[in-house]
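Chain residues, written in single-letter form:
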Amino acid sequence: MEHPNSATAAHRDAAQRDAARRDASAAGADAPRRLNLGVLAHVDAGKTSLTEALLHAGGAIDRIGRVDAGTTQTDTLALERQRGITIRSAVAAFRVGDVAVNLVDTPGHPDFIAEVDRSLVVLDGAVLVLSAVEGVQAQTVVLYRALRRLGVPVAMFINKIDRRGAAPARVLDEIRYRLSPAVVPLGRVREPGTAKAEALPLDRDDPAVAEDMTAQLAAHDDELLEEWITERRPVGRRHLHTALGRLTRSGTVHPVVFGSARTGVGVGQLIETVVRLLPPPAGDPAAPLSAQIFKVERSSGGGRQCTVRMRAGVLRVRDRVPLGGGRSATVTDLQVYEPGGPVRRDRAVAGQIARVRGLDGARIGDCIGDWTGNRSGAWPEAATQSTPRVPDLAARTALPVPDHAAQTVPPVPDCTAESAQSAQSAPPEQSALPAPGFETRVVARDPARQGDLHRALTELADIDPLIAIRPDRGAVRISIYGEVQQQVLAQTLATEFGIDTDFRDTTVMCVERPSSTGSAVLRMGDPGHLHRFTLGVRVEPAAPGSGVELVIAAERSGLPLHVYATMDGFRAALSDHIAEPLSSGPHGWPVTDLRITVTDSGYPPAGPRAVDVRHTTEQVVREAVRRAGTTVCEPVDRFTVEIPADTLSAVLGLLARHGAVPDAPRTGDRLTVVTGTVRTAAVSTLRAALHGTTHGQGVLESALDHYA
């Protein structure tokens, strides 16, 4: 006989399939094409101004806001308005003909590169903004490489052509040299650097223009090349447009538009370019639900408000949806981004971005629904958590792990379901974010609110996998990327939780290594030892980068195997128990690169409880580490510096002053690349100094290499 629950589940699934078919039928009648478009730039290249100009030209806002006046549509945080920079990703919508555009405004400051990367995975395409005066800058290179790594199609907008010193032709040459030679200018500039600057679209009916564009595209398209050679003339306007769209969507070429976001010049052509060339094929509302959470905020009621990119299927109010890792939640409210702002709807369909409430267990990066077709296979429960720059002690027992293993966090998952891959393909690679390199103590100004502060930070860490906290003698230590992020965190604690805080003792994240051998033992009946278990351990140094090795050398007869069933079970339990005392050594940093040997073990006839083993292990290991003594080791990064060749001498001097150890430079005709190692603590000041030394052209990338 069929179980009643099975019948109920089958009935529910059938009802959901029928609803999906109805949604698909209704959506198919007049559903617009959808484009989720990112806008990215180096700080001050005009990204937020361009976002305002696009929204105004698209009819979403009546007046263009100004960054310096704090009246922009997407920069809503007080600190964003105060500093004139974008800190949190924001979404705004407009519509052009049959294309519904969700504009995702992303941060440009290096402190928020994690926020940028997590937004990129939900995009169908991006506009990379460059200044016609400053040209290709350091963060421009970093952002372009991130877009290419994730397979996001890129169009480029050379902004500020009306500013004094604008040189669009020079910037185009820099793009070809430093970013990609596969760029296709769609216009030219008349009187650059003056108030009369104009951006003139190229006339593709002009034989010379058609010939030049055909040559550019044929270099990347064998079919087009064959036709061009066979016909002995440039292909027609329509064929050129089709080829340009195909090559742009595949990321093979990048169209370039010139203009000025401040005056609106070129903005219309940019809109026409992105809506014609970038939209992917429509998603399938009838497919199984597949979506991704890329932003989580606290709502006014204290719950979580998630910003979700729909990839396939339909999400409805009152749907109970899986979040991965055995978690699930029920949608209680849903708002879809439309021109004018989010609008409450009863459902969201493939391609849309929605704000969803009710997903109170959700975290940034979570996948909703069915992602069985994901290229990377099933997602583990902690797939979106950051890997700290310190070793994961519990996970490395008896496994040699290189010192550089913690240099990046795990990939942000691509939640595209198998049924949606053909409709809205996801990026071919995953995002690898650098882990935060600094740690700071956070203290409530009112000592009575220290407990509230810990709970608030715990909640923020539960929302965002890149936030890691740990207790520290009446305070809380939290990992951060930089000073600006610290200020944002302070403002969040003040405005959302009502807690005023101070940040103290900001430092790089170090580790401790044993200085010598230390032993400790706790026996049943020892004064103050109330647990029914005897344990002795010896702690000794191990090779740098080896992690934590656990050796069980005690007599087997004294091991409580009846509690854990097997030796492997006992070993796994001890591995969990030693993680806590090793998380904070005598100097307050995690302890690594050591061998822990269990030398003695015993229990009474009644046998120990698991809690007795845990508490005894924690006390004995902590004491053994104290007796061994530890040495604090600072992190050292491996860096790559890309600089103009004529600045090499000055940069080598700069590296020397910051204690860097460079390898032999590799010099080209314009650029020189220098690799080497430098203390992580010096990277921030080195990056700031590099900007001035190289006139804003130097690019510094670094990742944790080892501890010393």
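Along every chain, residues carry numbers that run from 1 in the direction the sequence is written. Given that this is a predicted model, residues contribute local features only at a pLDDT of at least 70 and side-chain atom pairs are listed and counted only at 80 or more, while totals for whole chains, interfaces and linings are drawn from all residues. With hydrogens and water stripped out, all remaining heavy atoms of the structure feed into the side-chain values.

Asks: What is the right way to look at the side chain of Gln-352 in this model?
Replies: Secondary structure elements are taken from DSSP: a helix is a run of H or I of four residues or more, a strand is a run of E of two residues or more, and numbering for both begins at the N terminus. Its location among the elements puts Gln-352 in the loop between β17 (347-349) and β18 (353-357). Definition of a polar contact: a pair of N or O atoms within 3.5 Å, with one able to donate and the other able to accept a hydrogen when the atoms are protein atoms, and with sequence-neighbouring residues admitted only if both atoms are side-chain atoms. Of note is the side chain of Gln-352, whose polar atom sits 2.9 Å from the backbone nitrogen of Val-349.

Asks: Would you mind going over the pattern of salt bridges with me for this structure?
Replies: Where charged atoms from two side chains of opposite charge come close, those side chains can pair. Whenever a carboxyl oxygen of Asp or Glu lies within 4 Å of a side-chain nitrogen of Lys or Arg, that contact is scored as a salt bridge. Summed over all chains, the structure comprises 40 salt bridges. For Glu-642, the salt bridge goes to Arg-145, with nearest N and O atoms at 2.7 Å. Placement of Glu-642 in strand β30 (residues 635-644) and of Arg-145 in helix α5 (residues 138-149) is noted, with a sequence separation of 497 residues between them. With a shortest N-O distance of 3.2 Å, Asp-663 and Arg-638 are connected by a salt bridge. Placement of the pair is Asp-663 in the loop between β31 (661-662) and β32 (666-667) and Arg-638 in strand β30, with a sequence separation of 25 residues.

Asks: So what exactly am I meant to see when it comes to the packing of helix α2 (residues 47-57) against helix α10 (residues 267-277) here?
Replies: Helix-helix packing: each pair is described by the crossing angle between the helix axes and the interaxial distance. With axes taken as lines fitted to C-alpha atoms, and helix axes fitted only over the stretch in contact, angles between N-to-C directions fall between 0 and 180 degrees. Contact pair α2 / α10: the axes reach a minimum separation of 10 Å and the direction vectors enclose 80°. When the interaxial angle is binned, α2 and α10 end up roughly perpendicular. Counted together, Leu-50, Ala-53, Leu-54 and Ala-57 of α2 and Val-267, Leu-270 and Ile-271 of α10 form the full contact between these two elements. Along the lines of polarity and charge, the residues of the contact of α2 with α10 split into seven nonpolar, no polar and no charged. Working definition: roughly parallel below 35 degrees, roughly antiparallel above 145 degrees, roughly perpendicular at 65 to 115 degrees, and oblique for all remaining angles. Whether two residues are in contact is decided by their heavy atoms: any pair within 4.5 Å suffices. When residues are sorted by character, Ala, Val, Leu, Ile, Met, Phe, Trp, Tyr, Cys and Pro go into the nonpolar class, Asp, Glu, Lys and Arg into the charged class, and all the rest, Gly among them, into the polar class.

Asks: Could you clarify how one ought to interpret the sheet that holds strand β16 (residues 341-344) in this entry?
Replies: In a beta sheet, neighbouring strands are held together by backbone hydrogen bonds and run either parallel or antiparallel to one another. Criterion used throughout: strands pair if DSSP finds at least two bridges between them. Pairing in this open sheet of six strands is antiparallel, and the strands run β16-β15-β18-β11-β10-β19 from one edge to the other. The open sheet has two edge strands, β16 and β19 (367-369), and neither has a second partner. Direction aside, neighbouring strands of the sheet carry axes that sit 35° apart on average. Pairing analysis gives three bridges linking strand β10 (residues 290-298) to β19, with the strands arranged antiparallel. Its bridge partner lying in β19, Ala-291 is registered against Ile-368.

Asks: I'm lost on the confidence of the model for the chain in this one. Help?
Replies: It should be kept in mind that the predicted coordinates are not to be read in detail where pLDDT is low. How sure the predictor is of each residue is captured by pLDDT, a score from 0 to 100. Residues at a pLDDT of 70 or more form 81% of the chain, whose mean pLDDT is 82. Scored below 50 in pLDDT, residues 1-13 shows one contact in the model against residues more than four places distant or in partner chains. Contacts of residues 373-432 to residues separated by more than four positions or lying in other chains number 173 contacts, the stretch itself having pLDDT below 50.

Asks: Looking at this structure, I do not really get the environment of Leu-315. What am I missing?
Replies: Tracing the chain through its elements places Leu-315 in strand β12 (residues 314-316). The classification of residues rests on relative accessible area computed with a 1.4 Å probe and restricted to protein chains. Under 20% of the type maximum is buried, over 50% is exposed, and intermediate values are partly exposed. Look at Leu-315 and you get buried, because its relative accessible area is 1%. For the pair Leu-315 and Ala-291, spaced 24 residues apart in sequence, the C-alpha separation works out to 8.7 Å. Once you skip the residues sitting within four places of it in the chain, Leu-315 turns out to touch Leu-289, Met-310, Val-321, Val-331, Leu-334, Asp-346, Arg-347, Ala-348 and Val-356.

Asks: Help me out: how do you make sense of the side chain of Arg-34 in this one?
Replies: Position of Arg-34 relative to the elements: it lies in strand β1 (residues 33-41). In summary, the charge assignment counts Lys and Arg as positive and Asp and Glu as negative, without counting His or the chain termini. Glu-338 is the oppositely charged side chain nearest to the buried, salt-bridge-free Arg-34, at an N-O distance of 7.4 Å. Reaching out from Arg-34, the side chain makes a polar contact with the backbone oxygen of Ala-350 at a distance of 3.5 Å. Setting aside residues no more than four positions away along its own chain, Arg-34 makes contact with Ala-100, Asp-124, Pro-279, Pro-280, Val-349, Ala-350, Gly-351 and Gln-352.

Asks: Explain the sheet that holds strand β26 (residues 534-541) to me, please; I cannot follow it from the model alone.
Replies: The four strands are arranged β25-β26-β28-β27 in an open sheet whose pairing can be described as mixed. Two strands bound the open sheet, and with one partner strand each, they are β25 (518-522) and β27 (548-552). The mean angle between the axes of side-by-side strands here comes to 20°, regardless of whether they run parallel or antiparallel. Pairing of β26 with strand β28 (residues 594-602) involves eight bridges; the strand directions are antiparallel. What sits directly across from Gly-536, in β28, is Asp-600.

Asks: What's the story with helix α17 (residues 648-657) in this structure? I'm lost.
Replies: Helical periodicity: at 3.6 residues per turn, an α-helix aligns residues three or four positions apart in one direction. Among the residues of α17, those classed as buried are Leu-648, Val-651, Leu-654 and Leu-655. Each buried residue of α17 lies within a common arc of 120° when the element is viewed along its axis, so the set occupies one face. Turned more than 90 degrees away from the buried face of α17, the exposed residues are Ser-649, Ala-656 and Arg-657. Packed against the buried residues of α17 are β30, β31, β32, β33 (671-679) and α18 (680-693). Looking one or two residues past α17, Gly-659 carries a phi angle of roughly 75°, positive in sign. The arc in question is the one spanned by the directions pointing from the helix axis to the C-beta atoms.

Asks: In this structure, what is going on with unusual backbone geometry? I would like to understand it.
Replies: Glycine aside, residues mostly have negative phi angles, and peptide bonds mostly take the trans form. One non-glycine residue, Asp-593, lies in the positive phi region at around 55°. Locating Asp-593 in the fold gives a position in the loop between α15 (567-582) and β28. Unusually for a residue other than glycine, His-695 sits at a positive phi of about 55°. Note on placement: His-695 falls in the loop between α18 and β34 (699-707).

Asks: How should the nonpolar core be read in this particular structure?
Replies: Side chains of a nonpolar character, in soluble globular proteins, are inclined to be buried together. Here, nonpolar core refers to any group of buried Ala, Val, Leu, Ile, Met, Phe, Trp, Tyr and Cys residues whose side-chain atoms link them within 4.5 Å. By size, the foremost hydrophobic cluster in this structure holds 44 residues, and its most contacted members are Leu-50, Leu-54, Leu-217 and Val-274. At six residues, α10 tops the list of elements feeding residues into this core.

Asks: Is there a simple way to explain the packing of aromatic side chains in this structure?
Replies: One pair of aromatic rings is described through two measures. These are the centre distance and the angle between the planes. Classification of ring pairs rests on two measures: the distance between centres of Phe, Tyr or Trp rings, Trp counted by its six-membered ring, which must be within 6.5 Å, and the angle between planes, read as stacked under 30 degrees, edge-to-face over 60 and tilted in between. Under the definition given, this model contains one aromatic pair. The rule for a charge over a ring is simple: NZ of Lys or CZ of Arg within 6 Å of the ring centre, and within 35 degrees of the ring normal. Taking the ring centre of Tyr-177 as reference, the NZ or CZ of Arg-670 above it sits at 4.4 Å.

Asks: Explanation requested: the environment of Tyr-564 in the structure shown.
Replies: Examined against the element boundaries, Tyr-564 turns out to sit in helix α14 (residues 561-564). With 46 residues separating them along the chain, Tyr-564 and Ala-610 place their C-alpha atoms 8.5 Å apart. Setting aside its immediate chain neighbours within four residues, Tyr-564 contacts Gly-569, Phe-570, Ala-573, His-577, Ala-610 and Val-613.

Asks: Explanation requested: the state of the cysteines in the structure shown.
Replies: What makes a disulfide is a covalent bond joining the sulfur atoms belonging to two cysteines. To count as a disulfide, a pair of cysteine sulfur atoms needs to be within 2.5 Å. Within the structure shown, the criterion is met by zero disulfides. With no disulfide of its own, Cys-510 lies closest to Cys-633 among cysteine sulfurs, the gap being 8.4 Å. In this structure Cys-510 comes out as buried when scored by relative accessible area, which is 5%. We classify Cys-633 as buried; its relative accessible area is 7%.

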